[in-house]
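Observations on chain architecture
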Number of protein chains: 2
Amino acid sequence: MRFTATIHVRPKAEVRDPQGEAILGALGSLGLGVTSVRTGKEIVVTFDADDEAAARRATDTMGRELLANPVIEDFRVELGTA
Amino acid sequence: MRFTATIHVRPKAEVRDPQGEAILGALGSLGLGVTSVRTGKEIVVTFDADDEAAARRATDTMGRELLANPVIEDFRVELGTA
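Residues numbered from 1 in each chain as written. Chains lettered and ligands numbered in written order. Predicted model: local features only at pLDDT ≥ 70, side-chain atom pairs only at ≥ 80, totals over all residues. Heavy atoms only, no water.

1. Quick notes on helix α1 (residues 18–28) of chain B
Within α1 of chain B, burial applies to Gly20, Ile23 and Leu27 of chain B. Axial view of α1 of chain B: buried residues confined to an arc of 60°, hence all on one face. Facing away from the buried side of α1 of chain B by more than 90 degrees, the exposed set consists of Pro18, Ala22 and Gly25 of chain B. Elements in contact with the buried residues of α1 of chain B: β2 (34–48) and α2 (52–67) of chain A together with β2 (34–48) of chain B. (Buried < 20%, exposed > 50% of the residue type's maximum accessible area, 1.4 Å probe, protein only. Helix = DSSP H or I, 4+ residues; strand = E, 2+ residues; numbered from the N terminus. Arc of directions from axis to C-beta. Contact = heavy atoms within 4.5 Å.)

2. Here's the deal with the environment of Thr59 of chain A
Residue and element names in this part refer to chain A. If you trace the backbone, Thr59 turns up in helix α2. A relative accessible area of 1% places Thr59 in the buried class. Thr59 sits 20 residues away from Leu79 along the chain, and the two C-alpha atoms are 8.5 Å apart. Separated by 2.9 Å, the side chain of Thr59 and the backbone oxygen of Arg56 make a polar contact. (Polar contact = N/O pair within 3.5 Å; in protein donor to acceptor, adjacent residues only side chain to side chain.)

3. Description of the relation of the copies chain B and chain A
Between the two copies, chain B and chain A, the superposition gives an RMSD of 0.0 Å; the rotation angle is 180° and the shift along the axis is 0.0 Å. In symmetry terms, the pair is related by a two-fold rotation axis. Taking C-alpha positions as the reference, the residue of chain B nearest the rotation axis is Lys41 of chain B, at 2.2 Å. In this assembly the copies share their binding face: 100% of the residues contributing to the interface of chain B also contribute to that of chain A. (Least-squares fit on C-alpha atoms with pLDDT ≥ 70 in both.)

4. Quick notes on the sheet that holds strand β1 (residues 2–11) of chain A
Spatial ordering of the open sheet is given by β3(A)-β1(A)-β2(A)-β2(B)-β1(B)-β3(B), a layout of 6 strands whose pairing is antiparallel. Each edge of the sheet is formed by a strand with only one pairing partner; in this case those strands are β3 (73–81) of chain A together with β3 (73–81) of chain B. Going from strand to strand, the sheet's axes swing by 20° on average, the running direction of each strand aside. Here 8 bridges tie β1 of chain A to β2 of chain A, and the two strands are oriented antiparallel to one another. Paired with Ala5 of chain A across the strands is Val45 of chain A, a residue of β2 of chain A. Against the sheet, α2 of chain A contacts β1, β2 and β3 of chain A together with β2 of chain B, and its axis sits at roughly 150° relative to β3 of chain A. Its contacts with the sheet put helix α2 (residues 52–67) of chain B on β2 of chain A together with β1 (2–11), β2 and β3 of chain B, and the angle it makes with β3 of chain B is roughly 150°. (Pairing = 2+ DSSP bridges. Axes fitted to C-alpha atoms, helices over the stretch in contact; angles between N-to-C directions.)

What follows is the structure, encoded as structure tokens:
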């Protein structure tokens, strides 16, 4: 079966987010009342797996071993069939 | 009213995504049957606006004027109240 997963990677809440701070500064100049900005990445992966349980295991492995740095980042998976 | 919007920014489908290609190569080594990878950014913005219509206009302005490069990127907004 073919699956499509979106893996969202965000800095942990207690970790500084310099990119978000830069965007906050820039958005401030648009005068839109922005008070806080956090940034993250999303990785959309298409892959083959036998069933949904195997697909979940695969996306967990991707997040843990490659896509997120567990010291400073959390990840969350949205799984769908392609 | 306080709103929280997640603005998803992705390269347009016809634009090359070198970061995605690099991740595809790296995920290949995990042997997980990955066939394609696309990457994007997500920006979570907390801001004040009078009502939902004003909040939508504000997030559109953020996406168009600052967060996405319209030549190579599309953006999509998820709006919620904080």
